Amino acid sequence: MTTGRTDPPWDRVRLHVVTGKGGTGKTTVASALALALASTASRVLLCEVEGRQGISQTFDVPPLGTDETRIVRLPGGGEVIGLSIEPKAALLEYLQLFYKLGRAGKLLERFGAIDFATTIAPGVRDVLLIGKIYEANRRRRDGRHKGDAPPAYDALVLDAPPTGRIGRFLSVNAEVADLARVGPIHSQAGAITRLLESDQTVVHLVTLLEEMPVQETLEAIDELHGKGLLPGAIIVNMVREPLLDDLALDQARAGRLHKASIRAQLTEAGVRVTPELVNGLLEEARDHAQRVDLEREQLALLEATGLPIVQLPALPEGVDSGSVRELADLLVPIFVEHVERAGS
Amino acid sequence: MTPGPVARNAPALDIDALIGDPETSIIVCCGAGGVGKTTTAAALGLRAAESGRQVVVLTIDPARRLAQSLGLTELDNTPRRVTDIDTSEGGSLHAMMLDMKRTFDEVVLAHAEPDKAEQILANPFYLAVSSSFAGTQEYMAMEKLGQLRAVAGTVDAPWDLIVVDTPPSRSALDFLDAPNRLGSFLDGRFIRLLTAPAKAGGRAGLKVFGVGVQLVTSTMTKILGGQMLTDVQTFVNALDTMFGGFRERADETYRLLSEHGTAFLVVAAPERDALREASFFVDRLEADRMPLAGLVVNRIGRVSATGITPSRALSLAASSRTPVARSRRPTRPASSGSMRRSCARPSDSASSRSASHGHTPAYRWCRCRLSGATSTTSTACVRSGTR
């Protein structure tokens, strides 16, 4: 179910950032994408940054902590590792890793400096969250951050903040680099910005075929372009196929569906037919036709961006770990098989 | 209208009684992102205004379409009168959107001496804090709510009802935590560490903290760089004088929220995840003893074809060979029939303006109420409609 451009350079991408308006199913899509990427025996890190435990709910596993925990192992050997990134733990780890602070680190915590940094100080929270992803991206399989060992993860998927905050979230490092004009934070922030602005990072946008989410998606795409970030695919979630064919939709819109045959079919099905029922059905058919029109308008707006568009069906039973796999199967041909072709 | 299964278990939330009660002076809409909080707040405000209340709606981050639907070309940090409403009952409607930077600037200008204010406004650290720091939106929403309340009842600010839409928060009800977080920071040792050296030339600071302070300061200099630390210190020092008042007002607003006269509404959509989040909000409000008035379930589908039950329709669809049977499910979930019955009243006048045109039917208020009800029952009362 793809339309639009279909040959983006997914094979170079290591970090898939998934954003979208609240309620569009970001976490579900990020989870399905991680599963899809893992299907070629890859190790994929799936991170969330808002402490909502959406990943553990989606996969029905115990709440994720600040340790990287395997949540799925696929038959082919692929793995999805889950992580709920928490700023305080990330800061302490960062200080230990880069400054080997020891006693001074504990003192900083006692004096409230850690709390200050993670809850009050501008943007530091976001810097730390992204910094942790940056670290995981660079890590090699032997745990070091340099050397020739293969990377610890073949791909990373970030269940990111919603579209309204995504630009600020991803550009916070550029801001921090301005604020701390010299020193280690400055250079660290610069390195992270380079990763985010490279073609190793794409930002996928999850939306529904409704006005507000589509509007936010279009605004976010502009914002990403403006900040030098690369939009990936537009993932249209919860798509429902029209119940009627185009001819019937035309008739429904005009209120010209054939009442007599509707009555006849209802009677045949054993329903007690009343004028209210038939008129009600016609009214619903008109609503449905209008809804289909609106969805097509919205899809056209998305197509005009020129970005690849992926459509995922609405899941009748809601989201659980089984249905996420169904969605992942739909994503494999788009995000993974392409990689294999390009690589071979 | 026949009461559905919902009404038997949970009494109705009577929105008109709530907004018609002159004692109701603040309504707070909270809920997860994407459920239509802002739209609900605007619809409520409109209905209250058209039934005679003097209303101001404080929205946090509305889509542009919402401003347009209220007939405003722009929502800025000042309440603007919405003119295109029915004023026959003598009501009025103002709307505004929170601009956190401007609100912060106003606080600085109002509470710091002129030369100090200038110093703060130009500080690079302040510029970052006021436009992007985690939590600014929450503090400023509280600050603005306090301000709106303080000026209420004057000629330029005629409102007697404030409808607040809460920030899209990372976790449930971040804005309720804002005063506490600010408080623990202000009472903390860290701020004294930051301010002490400047206040007493460093010596008093050393006495207070002992030798640890030097290690902390030197570590921070190492990590942050000297310039940034100096910026932070200058900022905190300059703000120190007004921080106290800031916190007092935040505490005051928090108290206001827990009092009679305030009503919290949890907004949800009839979907599993949205309802789960709604449960968190309900739990949290109850834990904080906030006056929870009820649950608004948004996006309930409208059923025009009456006279056939959802289960009957589903089984017919399953056995029929019409296109309906081939699709995985009907567009309108089976729930809509019974949900419709559970709707107190289709508040078309309130919602049609703010709901986007065309697609979904106008928003409806669901007949649900949680009187000391646990989150499970609140979810259940919505769920019961889906069976």
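Please read all numbers here as calculations on a predicted model, not as lab measurements.

Secondary structure assignment for chain A yields 14 helices and nine strands. Reported as C-alpha extents along the three principal axes, the dimensions of chain A are approximately 85 × 40 × 35 Å. Across the 344 residues in chain A, those meeting the buried criterion constitute 45%. Relative to all contacts within chain A whose residues are 6 or more apart in sequence, the contacts with residues 24 or more apart total 73%.

Turning our attention to the overall build of chain B. Within chain B, the secondary structure is distributed over 19 helices and nine strands. Expressed as a percentage of its 387 residues, the buried residues of chain B come to 48%. Residue pairs in contact within chain B that sit at least 24 positions apart in sequence constitute 75% of those at least 6 positions apart.

Another point: the sheet that holds strand β6 (residues 262-268) of chain B. Residue and element names in this part refer to chain B. The mixed open sheet is built from seven strands, whose spatial order is β3-β4-β2-β5-β1-β6-β7. Pairing within the sheet leaves two strands with one partner each, and these edge strands are β3 (80-81) and β7 (292-297). Of the pairings in the sheet, the one linking strand β1 (residues 26-30) to β6 comprises five bridges and is parallel in character. If you follow C29 over to β6, its bridge partner there is L265. Along the sheet, helix α3 (residues 37-50) makes contact with β1, β2 (54-59), β4 (92-97), β5 (161-165), β6 and β7, crossing β2 at roughly 170°.

A positive phi angle, near 55°, is found at M238 of chain A, a position not held by glycine. Inspection of the secondary structure assignment puts M238 of chain A in strand β8 (residues 231-239). Positive phi is not limited to glycine here, since R289 of chain B has a value of about 55°.

Strand residues, when the strand is regular, have side chains that alternate between the two faces of the sheet. Residue and element names in this part refer to chain B. Here β2 runs beside β4; their pairing, made up of six bridges, is parallel. Among the inter-strand pairings, Q54 is bridged to a residue of β4, identified as S92. Pairing geometry for β3 and β4, over two bridges, is antiparallel. Looking at the pairing, R80 lines up with A95 of β4.

Take the nonpolar core next. Residues and elements named next belong to chain A. Counting residues in hydrophobic clusters, the biggest one holds 175 residues, and the most contacted among them are L33, V44 and V157. Top element by residues in this core is helix α1 (residues 26-38). It accounts for nine residues. In this structure L33 touches H16, V18, V157, L331 and F335, once residues within four positions along its chain are discounted. Listed in part, the seven residues of the second largest apolar core include L249, A252, L281 and A289.

With that settled, the discussion passes to the confidence of the model for chain B. Residue and element names in this part refer to chain B. When the pLDDT values of chain B are averaged, the result is 71; 66% of them are 70 or greater. Predicted confidence for residues 198-206 stays below pLDDT 50, and this span has 11 contacts to residues more than four positions away or in other chains. In the model, residues 322-387 has pLDDT below 50 throughout and makes 167 contacts with residues more than four positions away in sequence or in other chains. Both scores are given for the predicted complex: the pTM is 0.79, the ipTM 0.72.

Residues and elements named next belong to chain B. Taken across its five residues, β1 has five buried, putting it largely inside the fold. Residues I26, V28 and C30 point to one face of β1 and I27 and C29 to the other, with burial holding for every one of them. Sheet analysis places β1 next to β5, joined by four bridges and oriented parallel. Considered in β5, the bridge of I26 is made with I162.

Turning to the packing of helix α6 (residues 124-138) of chain A against helix α7 (residues 163-179) of chain A, a few remarks are in order. Residue and element names in this part refer to chain A. Close contact between α6 and α7 brings their axes to 9 Å; oriented N to C, the two are set at 110°. Judged on the interaxial angle alone, α7 and α6 are roughly perpendicular. Of α7, the residues touching α6 (which contributes D126, V127 and I130) are F169, V172, N173 and V176. Among the residues making up the contact of α6 with α7, the classes are represented as five nonpolar, one polar and one charged.

Moving on: helix α11 (residues 259-268) of chain A. Taken across its 10 residues, α11 of chain A has zero buried, putting it largely on the surface. Looking one or two residues beyond α11 of chain A, the residue adopting positive phi is G270 of chain A, at roughly 90°.

So, on to the packing of α7 of chain A against helix α9 (residues 211-226) of chain A. Residue and element names in this part refer to chain A. Interhelical geometry of α7 versus α9 gives an angle of 10° and a closest axis separation of 9 Å. Relative to α9, the element α7 is oriented roughly parallel. Residues T163, G164, I166 and G167 of α7 lie in contact with α9, whose contacting residues are E216, T217, A220, E223 and L224. Residue composition of the contact of α7 with α9, grouped by class: three nonpolar, four polar and two charged.

Scored by pLDDT, chain A comes out at a mean of 87, with 94% of its residues at no less than 70. The low-confidence segment residues 1-6 of chain A (pLDDT under 50) makes 17 contacts with residues lying over four places distant or belonging to another chain.

Conventions adopted
Residues numbered from 1 in each chain as written. Chains lettered and ligands numbered in written order. Predicted model: local features only at pLDDT ≥ 70, side-chain atom pairs only at ≥ 80, totals over all residues. Helix = DSSP H or I, 4+ residues; strand = E, 2+ residues; numbered from the N terminus. Buried ≥ 20, exposed ≤ 12 C-beta atoms within 10 Å, placed from the backbone. Contact = placed C-beta atoms within 7 Å. Pairing = 2+ DSSP bridges. Axes fitted to C-alpha atoms, helices over the stretch in contact; angles between N-to-C directions. Core = buried A, V, L, I, M, F, W, Y, C linked by C-beta atoms within 7 Å. pLDDT = per-residue confidence, 0-100. Parallel < 35°, antiparallel > 145°, perpendicular 65-115°, else oblique. Nonpolar A, V, L, I, M, F, W, Y, C, P; charged D, E, K, R; others polar.

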